[in-house]
Structures are given as structure tokens and as C-alpha cells.
Amino acid sequence: RNNNKPALVTGSTSGIGLAIAHTLARGGHPVMLHGLADPQSGARLQREFADSYGVSCGFSDADITTEGGCQQLVAETREALGNTAILVNNAGIQFTAAAHEFPAEQWHRIIAVNLSAAFFLARDVIPDMRAEGWGRVVNVASVHGMVASANKAAYCAAKHGLVGLTKVLALENADSGITANAICPGWVETPLIQPQIDAIASTEGITGDEARARLVGEKQPMPRTTHPEAIGALTLYLCGEFADTLTGATLPVDGGWTAQ
Ligand code: NAD
């Protein structure tokens, strides 16, 4: 059984990453929490995890927009928990505008956090996984790694790139007990989607609940958002004993969005 393997979950101070961290810790994994939180709330979260689940936990607020920030995160994880056996690349950001009006700074930022950080982190932890003969890379991509939507040039480019990176990592490490997979959620109820709900509510003059229903209904046959815990449960499954040969896969959890 693999349930004592240390896991680094990027962007685990909020939303999907936080749910993944809870699920892995509940499953017995030591967890490195990470995200742009102030040190006090980071320390509080770390204590809450250690108390609730009785596993070792660390916290890092490394900004992973740069290669140096990613290296810092790997070093802090090693110090807190030892070598990373499970890497969950979850941290991600969004900005919406038409491609011909997209600010360069937002483009670079999204590519850095949603794509390049996953590469730098994987590059730096895979040698330890290979030495151990066991490892898991779980990339939280998106349906936007499989299909496109208007006004999401950088996000779609980064997420399609992340799906491609996942497949390469799966092939390169198929002989080393390491799997790499991409989870592709549709709409998940987290702070990331709130600005899009607010924008519809204000332009259409409707309530938040009506705006959420409209946003989800535009793309998903199932008119409901996915719970962050569902992504946690799938991640735990990917780290478990029956997912040994599940690698290089693109796994939609999207209420039928990409079935169309
Ligand atoms: P969120 O905004 O709730 O959380 C994002 C996390 O990333 C936070 O912990 C934040 O601190 C961290 N982060 C952002 N920029 C960072 C940086 N520069 N350095 C370090 N940490 C940084 O978002 P979420 O909805 O939970 O999204 C998590 C992942 O799931 C993202 O990759 C997102 O693209 C993907 N996703 C979300 C949805 C959705 O509907 N919410 C759908 C598909 C995919």
C-alpha cells in the first residue's frame, strides 16, 4: 500500500487543491500545503491538518511564477517531509479577454503558473521518484485542456500544454513505476469561478444563483457544478494500488461537457 507517501499539492490553500490535500491527508499521506496565503493562515492550516489527520504536514508560500520559486518549493518540501512521491500540480489562475485584447502580462502569468511551474516541479522531483521506483504526477488541467472557450486564450493554451506535458511524463517514466495523469474538471465551485458568475449577474441584472446556473448551463449538459472533494477522491484513487497502469490519461470530470 502507498498511503504513507509524501504529497506536494500546489495551490492547496483554496478550492480544489485544499480538497485534494484534505483527501490525501485523510488517506494517511503526509502533505505539503502550498499557496499564496500569509504565514499565519499557512501555519494555522498546517496545524489543523496535523491535528485532524495525525500526519506530518508542511506549508510553503513560494510564488511559483518563476523557476526559482518552484525550486524553493521543492526544497521546502524536502525539508518538511523528505522526497516528494506524489506531485499534484493544481495551482492555477484565470483571466478572460479576447485574444486580440489580451494583456501580455496576463498571458505570461497564466503560462507561468498553469504550465511552466508544472514542468519545473516535475523536472525537479522526478529524479527522486525514479530512484524510489514509485511516483505519481497528477496534473489538474481542465476541460480547457481538451476543448476551447472564447476569451480564454492563455488558459486554454496553458491547459492544452499541461495535457501534452502529462503524456510526455507518462511515456518517459513508464519503466519506473511512475504514472502521470491529467484531471480535467468542468465547473467546480471555488473562488476561481466567482468573478465569471459576478460578471454575468451584473451585465444581465440577475441573482448570483441565476448567474451560476446560466454559466454552467452554457457548456455542461448536467446543470450542476462538481464538488472539489470529487477531484480529491479521484486524485486519491490515482495514488492507490489499483491505478498502477493508469497513466498518460486525460480524465474529464465535467458533467458531460466534452462528450458533445
Ligand atoms: P482557487 O483560486 O480556489 O485556488 C488557486 C490556488 O492556487 C490558491 O491556493 C492560490 O494561492 C494558488 N496560486 C495561484 N497563483 C499562485 C502562484 N503564483 N504561486 C503559488 N500559488 C499560487 O482555484 P481552483 O478553482 O481551486 O483551481 C485549482 C485548479 O483547478 C486550477 O489549476 C484551475 O485552473 C483548475 N480548474 C478549476 C476549475 C473550476 O471550475 N474551479 C475548473 C477546471 C479546472
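Owing to the predicted nature of the structure, the values given are computational and were not obtained by experimental measurement.

Examining the site of the ligand
Logical step 1: Close to the ligand lie 31 residues, the nearest being Ser14, Asn90, Tyr155, Val188 and Thr190.
Logical step 2: One of the backbone N or O atoms of Ile16 is found 2.8 Å from an oxygen atom in the ligand.
Logical step 3: Side-chain polar atom of Asp63 to a nitrogen atom of the ligand: 3.0 Å apart, as the coordinates give it.
Logical step 4: Contact with the protein chains removes 93% of the 840 Å² of surface that the ligand exposes when unbound.
Logical step 5: Assessed atom by atom at 2 Å from the grid points, the ligand resides in the largest pocket.
Logical step 6: In the shell around the ligand, the residues fall into 16 nonpolar, 13 polar and 2 charged.
Logical step 7: Summarising the domain contributions, the shell around the ligand has at least three residues from each of domain 1 (7-186 + 227-251) and domain 2 (189-225).

What about the sheet that holds strand 3 (residues 57-60)?
Logical step 1: On the basis of which strands lie adjacent, the open sheet formed by 7 strands has the order 3-2-1-4-5-6-7 and parallel pairing. The outermost strands of the open sheet, each flanked by one partner alone, are strand 3 and strand 7 (250-253). Strand after strand, the sheet turns through a mean of 15° between neighbouring axes, direction not considered.
Logical step 2: For strand 4 (residues 86-89) and strand 5 (residues 135-140), the ladder comprises 4 bridges, and the chain directions are parallel. Each residue of the ladder has a partner; that of Val88, found in strand 5, is Val138.
Logical step 3: In the packing of helix 1 (residues 15-26) onto the sheet, the strands contacted are strand 1 (7-9), strand 2 (31-34), strand 4, strand 5 and strand 6 (178-185), and the crossing angle to strand 1 comes to about 165°.
Logical step 4: Set on the sheet, helix 5 (residues 153-172) makes contact with strand 5, strand 6 and strand 7; between it and strand 6 the angle comes to about 160°.

Observations regarding the state of the cysteines
Logical step 1: Scanning the model with the defined rule gives 0 disulfides in all.
Logical step 2: Between Cys184, a free cysteine, and Cys156, which holds the nearest cysteine sulfur, the sulfur-to-sulfur gap is 11 Å.
Logical step 3: Residue Cys184 is classed as buried on the basis of its relative accessible area of 0%.

Description of the packing of helix 4 (residues 104-132) against helix 5
The relative placement of two packed helices is expressed as an angle between their axes plus a distance between the axes.
Logical step 1: At their nearest, the axes of helix 4 and helix 5 sit 8 Å apart, and the two run at 15° to each other. Classified by the angle their axes make, helix 4 and helix 5 are roughly parallel. Between helix 4 and helix 5 lies a crossing whose hand is right-handed. Judged by residue contacts, Trp107, Ile110, Ile111, Asn114, Leu115, Ala118, Phe119, Ala122, Ile126 and Arg130 of helix 4 engage Ala153, Ala154, Tyr155, Ala157, Ala158, Lys159, Gly161, Leu162, Leu165, Leu169 and Glu172 from helix 5.

Some points on the domain arrangement of the protein chain
By a widespread convention, an interface's size corresponds to the accessible area lost as its parts come together.
Logical step 1: Domain boundaries in the protein chain define domain 1 (7-186 + 227-251) and domain 2 (189-225).
Logical step 2: Summarising the inter-unit geometry, the C-alpha centres of domain 1 and domain 2 are found 26 Å apart.
Logical step 3: Contacts between the two partners involve 13 residues from domain 1, matched on the other side by 8 residues from domain 2.
Logical step 4: Carbon and sulfur atoms make up 56% of the surface buried where domain 1 meets domain 2, a total of about 610 Å² over both sides.
Logical step 5: On the surface where domain 1 and domain 2 come into contact, there are 0 salt bridges.
Logical step 6: Summed over the shared surface of domain 1 and domain 2, the number is 2 residue pairs in polar contact (both at pLDDT 80 or more).
Logical step 7: Within the side of domain 1 that touches domain 2, the residues separate by chemical class into 5 nonpolar, 7 polar and 1 charged.

How each quantity is defined
Residues numbered from 1 in each chain as written. Predicted model: local features only at pLDDT ≥ 70, side-chain atom pairs only at ≥ 80, totals over all residues. Heavy atoms only, no water. Near = heavy atom within 4 Å. Polar contact = N/O pair within 3.5 Å; in protein donor to acceptor, adjacent residues only side chain to side chain. Areas by Shrake-Rupley, 256 points an atom, 1.4 Å probe, with all protein chains shown as cover. 1 Å grid on protein atoms, 1.4 Å probe; cavity = no way out; pocket = protein on both sides within 12 Å on 5 of 7 lines; lining within 4 Å. Sits in = over half its atoms within 2 Å of the grid points. Nonpolar A, V, L, I, M, F, W, Y, C, P; charged D, E, K, R; others polar. Domains from an automatic or database assignment. Pairing = 2+ DSSP bridges. Helix = DSSP H or I, 4+ residues; strand = E, 2+ residues; numbered from the N terminus. Axes fitted to C-alpha atoms, helices over the stretch in contact; angles between N-to-C directions. Contact = heavy atoms within 4.5 Å. Disulfide = S-S within 2.5 Å. Buried < 20%, exposed > 50% of the residue type's maximum accessible area, 1.4 Å probe, protein only. Parallel < 35°, antiparallel > 145°, perpendicular 65-115°, else oblique. Left-handed = near helix turned anticlockwise from the far one by under 90°. Buried area = accessible area lost by both parts, 1.4 Å probe. Salt bridge = Lys/Arg side-chain N within 4 Å of Asp/Glu carboxyl O.

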